[in-house]
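Here are the chains, one letter per residue:
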Amino acid sequence: MTAAAIRAAAANFPSCLEGLWPLAARRGITRANYRKYTASLAPDLRIMDLLDAQPEFTKSFWNYLDLLVSDARIEKGRALLGKYHAVFDAVERRYGVDPAIIAAIWGVETNYGEIGGTRPVIRSTATLACIGRRQDYFRGEFLATLEILQHGDVRPDRLVGSWAGAFGPTQLMPTAFLRNAVDFDGDGRRDIVDSVPDLIASTANSLHKNGWAAGNTWGYEVVVPESFDFLLTGKRHSKSLAEWQRLGVMRPGHRPFPRPDDKAYLLVPAGVQGPGFLMLHALQSSRGLCAGDRPFGRSAARRRPLCAGLASL
């Protein structure tokens, strides 16, 4: 959006919020609560600067890994796995998700809760529901935030997160919270911010509902030939591992694929400089490359995924 368009949308912010009230009412939000949570809201226009500055889009693949993966994070994850081993074990029995995967997501998303964001989720989602290019999407997130507040799962002063509205140590969006959060500690609230059992179980349930296949690897690191047709990358081009091999996509050292009939799609986040990754479907909903069969990258000590380090316990 141009600066003028942003200013115009900001000036219309109160009218936009009032126009969203009927949608909130259909979700069972009371008029009193709607007024309570929106009456003093002002748009957070700093978000407009952050919208296109996400590190996934502005940093190279290797620098992005350096930012997220380190020996210190792996050690913190191991400590958490030990501290909460009884909860992790109970969650694994319920949802079938490897504890190392949950700890890795926790570490990648917020460094185990240290950098989860400080912006009120209600203000962020309201801003993006009324200003910007994805208003339809963020209207849903705004309305979901109101549902969370009305139900009392997370205290209003603790419902803070990223500029986009993701919150909690594993950064669930509000709509994902409504779909997947669980009350694992039995206190009647689904509190993924201050209840470690709820946090761990909700993260596992998110993966479980999105097709997590217990015991399967995420995929394989591969070497992509320089002559490869990179138009074949991405989720739209799923092929068997045997077909990828015939196209010249090989595992390092030309090791065989254990199950050549498995289907996968190819990601090449670093381009022709590699490495590439053939992605199976055990971890479709996670943003990280986790649970692999070996550390990956140019320097295993610095660039291995968190879950590879944690899974060695």
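Just above sits the structure.
All values derive from a computational prediction rather than experimental measurement. (Residues numbered from 1 in each chain as written. Predicted model: local features only at pLDDT ≥ 70, side-chain atom pairs only at ≥ 80, totals over all residues. Heavy atoms only, no water.)

*Asks:* Help me out: how do you make sense of the overall build of the chain in this one?
*Replies:* When helices and strands are counted, the chain shows 16 helices and six strands. Within the chain, buried positions represent 49% of all 313 residues. Considering only contacts in the chain between residues 6 or more positions apart, those separated by 24 or more positions represent 68%. Just so you have it, the chain exposes about 14,900 Å², and 52% of that area is on carbon and sulfur atoms. (Helix = DSSP H or I, 4+ residues; strand = E, 2+ residues; numbered from the N terminus. Buried < 20%, exposed > 50% of the residue type's maximum accessible area, 1.4 Å probe, protein only. Contact = heavy atoms within 4.5 Å. Areas by Shrake-Rupley, 256 points an atom, 1.4 Å probe, with all protein chains shown as cover.)

*Asks:* Which parts of the structure should I look at to understand the layout of surface pockets?
*Replies:* In this structure, the second largest pocket encloses a volume near 260 Å³. Lining the second largest pocket are 15 residues, with Gly113, Arg158, Gly168, Pro169 and Val193 positioned closest to its centre. The residue inventory of the lining of the second largest pocket, partitioned by class, reads seven nonpolar, six polar and two charged. (1 Å grid on protein atoms, 1.4 Å probe; cavity = no way out; pocket = protein on both sides within 12 Å on 5 of 7 lines; lining within 4 Å. Points joined across faces, edges and corners; volume = space filled by probe spheres on them. Nonpolar A, V, L, I, M, F, W, Y, C, P; charged D, E, K, R; others polar.)

*Asks:* Help me understand the environment of valine 91 in this model?
*Replies:* Tracing the chain through its elements places valine 91 in helix H8 (residues 85–95). Accessibility expressed as a relative area gives 1% for valine 91, which makes it buried. The sequence separation of valine 91 and alanine 204 amounts to 113 residues, and the corresponding C-alpha distance is 7.2 Å. Apart from residues lying up to four places away in sequence, valine 91 is in contact with Gly96, Ile102, Phe184, Ile200, Ala201 and Ala204.

*Asks:* Mind showing me how you'd approach the side chain of asparagine 111 here?
*Replies:* Inspection of the secondary structure assignment puts asparagine 111 in the loop between helix H9 (99–110) and strand S1 (119–120). Classification of asparagine 111 as buried rests on a relative accessible area of 11%. A polar contact is formed between the side chain of asparagine 111 and the side chain of glutamate 114, at a distance of 3.3 Å. Leaving out residues up to four positions away in the same chain, asparagine 111 has contacts with Arg73, Lys76 and Trp106. (Polar contact = N/O pair within 3.5 Å; in protein donor to acceptor, adjacent residues only side chain to side chain.)

*Asks:* Explain helix H2 (residues 13–26) here, please?
*Replies:* Along an α-helix, residues three or four apart share an orientation, since each turn contains 3.6 residues. Between its first and last C-alpha atoms H2 spans 21 Å; for 14 residues at 1.5 Å apiece the expected length is 20 Å, and the two agree. The largest bend in H2 is about 30°, located at leucine 20, with the proline proline 22 one to four residues further on. Listed in full, the buried residues belonging to H2 are Phe13, Cys16, Leu17, Leu20, Trp21 and Ala24. Considering only its buried residues, H2 is in contact with helix H1 (3–11), helix H3 (31–38), helix H10 (121–130) and helix H11 (135–151). (Expected span 1.5 Å × (residues − 1). Bend = angle between axes of the 7 residues up to and from the residue.)

*Asks:* When you look at the state of the cysteines in this model, what are you seeing that I'm missing?
*Replies:* In protein structure, a disulfide is the covalent linkage between the sulfur atoms of two cysteines. Under the defined criterion, the tally for this structure stands at one disulfide. Linked covalently through their sulfurs, cysteine 16 and cysteine 130 form a disulfide whose S-S length is 2.0 Å. Across the disulfide from cysteine 16 to cysteine 130, rotation about the S-S bond amounts to roughly -90°, and the bridge is consequently left-handed. Here cysteine 16 is found in helix H2, whereas its partner cysteine 130 is found in helix H10, with 114 residues between them in sequence. Using a relative accessible area of 6% as the deciding quantity, one classes cysteine 130 as buried. (Disulfide = S-S within 2.5 Å.)

Note that every value here comes from positions in space, so none of it alone points to a role or purpose.
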